[in-house]
Amino acid sequence: HGTSRVNDRGHLEIGGVDVIDLAKEYGTPLYIYDVALIRERARAFKQTFEKHGVKAQVAYASKAFSTMAMVQLVEEEGLSLDVVSGGELYTALKAGFPPERIHFHGNNKSYEELEMALQHKIGCFVVDNFYELSLLEQLSKQHGVTTSILLRVTPGIEAHTHDYILTGQEDSKFGFDLNNGQADEAFEKALTSESFKVLGLHCHIGSQIFETTGFVLAAQKMFKKIGDWKEKFGFVPEVVNLGGGFGIRYTNEDDPIPASVYVEQIIAEVKKQVAELGIAMPEIWIEPGRSLVGDAGTTIYSIGSRKEVPNVRQYVAVDGGMSDNIRPALYEAKYEAVLANRVLDENEEVVSIAGKCCESGDMLIWDLPLPKAQAGDYLAVFCTGAYGYSMANNYNRIPRPAVVFVENGQAQLVVKRETYEDLVKLDVPLKAKVNK
Ligand code: LLP
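Residues numbered from 1 in each chain as written. Predicted model: local features only at pLDDT ≥ 70, side-chain atom pairs only at ≥ 80, totals over all residues.

The subject of this paragraph is the overall build of the protein chain. Helix and strand content of the protein chain: twelve helices and 21 strands. For the protein chain, whose C-alpha radius of gyration is 23 Å, the value lies close to the compact-globule estimate of 22 Å for 436 residues. Each principal axis of the C-alpha distribution contributes one length, and for the protein chain these read about 70 × 60 × 40 Å. Counting only residues that meet the buried cut, the protein chain has 48% of its 436 residues in that class. (Helix = DSSP H or I, 4+ residues; strand = E, 2+ residues; numbered from the N terminus. Rg over C-alpha atoms; globule rule 2.2 N^0.38 Å. Buried ≥ 20, exposed ≤ 12 C-beta atoms within 10 Å, placed from the backbone.)

Turning our attention to the site of the ligand. The ligand sits among 22 residues. The nearest are Ala-61, Ser-207, Gly-244, Gly-289 and Tyr-387. Split by residue class, the shell around the ligand holds eight nonpolar, ten polar and four charged. Domain assignment of the residues forming the shell around the ligand places at least three in each of domain 1 (5–33 + 296–424) and domain 2 (35–293). (Near = placed C-beta within 6 Å. Nonpolar A, V, L, I, M, F, W, Y, C, P; charged D, E, K, R; others polar. Domains from an automatic or database assignment.)

Moving on to the domain arrangement of the protein chain. Segmenting the protein chain into domains produces domain 1 (5–33 + 296–424) and domain 2 (35–293). For domain 1 and domain 2, the distance between their C-alpha centroids amounts to 33 Å. Taken residue by residue, the interface counts 21 residues in domain 1 and 19 residues in domain 2. When contributions to the side of domain 1 that touches domain 2 are tallied by element, the ones reaching two or more residues are β20 (402–407) and β21 (410–415). Considering each element in turn, the side of domain 1 that touches domain 2 owes the most residues, four residues, to β20. Its residues assigned to classes, the side of domain 1 that touches domain 2 shows 14 nonpolar, four polar and three charged. (Contact = placed C-beta atoms within 7 Å.)

Attention shifts here to the UniProt feature "binding site: pyridoxal 5'-phosphate" (unreviewed entry) in the protein chain. Following the UniProt record, the feature "binding site: pyridoxal 5'-phosphate" (unreviewed entry) maps to Gly-245, Glu-287, Pro-288, Gly-289, Arg-290 and Tyr-387 here. As for its placement among the helices and strands, Pro-288 is situated in the loop between β13 (283–286) and α10 (290–293). Residue position: Gly-289 is located in the loop between β13 and α10. For Gly-289, the contacting residues outside a window of four places in its chain are Tyr-60, Ala-61, Lys-63, Ala-64, Gly-244 and Ala-386. (UniProt positions renumbered as here; feature names shortened; annotations may be inferred.)

Here five bridges tie strand β14 (residues 297–309) to strand β15 (residues 313–318), and the two strands are oriented antiparallel to one another. Directly across from Val-309, in β15, lies its bridge partner Arg-313. Remark: three residues form the turn of the hairpin made by β14 and β15, two consecutive strands paired antiparallel; Asn-311 in that turn has positive phi of roughly 65 degrees. Here β15 pairs with strand β17 (residues 349–354) via three bridges, running parallel. Bridged to Val-316 within β17 is Ile-353. (Pairing = 2+ DSSP bridges.)

Pasting the structure below:
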């Protein structure tokens, strides 16, 4: 998919670049991003809104993969940006992203984070809770500004996905509950405060969702509330934000629908609700993360040791694992992979791909058909672009991989490989024992 193909050396090629050449130049594990595919995904979202004449902001959820180069690419494609921490905000600002297109999320934004965002005049705060509402009001007063906000609400919808990445259900740490008066109380507070301009409502029902029903239900619930507030306060929203969560194909078990279909269903429902209430069409905002970058990322590993458990399993180990991709260990996430240097070879065995971390749960893929793989071969694991590098860690003091962008036959290093020196850079040794 994307620009991936097999070249005449039998190697995997992405963006017109031989991944084995990249692995030799930059080392492994290596994250490779197909930039053309990210652009294509970004444009598909935007064009669907344009086609229907609906004003929109497509905000890339940068938690999926946040680096300066990625933020620059998002800027080039004219998207907005969702950040959830001071660190993501800092990355965006450092990359020169226009602050007015930044939306700030999070269920426990600190005083310092809010202060930083206000100083840089970001476009919108997605207010999650009462504590934030009063902190932000106080800070807005100090700054003498009217702050644009969306209220994050929890619609009480259970999307079908992994428990840990499900966020719209009632018993969630996120947002004001739509059903028990919390959202009403928050709204009245925000509306009557001189420090706020309430743009509208936000909700995010979960991640890796394969149905449009959840989005439609969420829109219905939000508009029911908007109807109440229109009656009571004459409120008309300028923005309705339906979050992200559009599912992608990791393996053949996944059956995603095209981005345009989600967007079209959302547009249709919002139009219907708006007509019923007799109000002007608000802007629709969405926040795709995974569906913009997920299948654009591929990880290349070097294969090392093997272990046979006779009559049970062949373990084939790679030079990374849960340190660069924690999703299999955390969510039992499934991936597909090929031998990147012998893509066309016949599969000869079924193996299980082990990481190199000291933990039995550090398995990347169970039961993968492959040609007879040995030390010196390279494994390409597909669809690692979202929540891979961004959730990478230094468990076992393994340095984090490098990241390369490829497009039109050109490769560009966008994150350097961590060094051992980097790993100890923040350590403060005991004074008497400094190794001179
Ligand atoms: N907006 C909000 C408010 C979110 O909480 C999220 C994801 C998104 C947008 C983007 O969702 P996406 O389009 O990427 O599904 N680490 C997990 C995913 C956690 C998602 C958290 N929130 C994973 O690796 O599957």
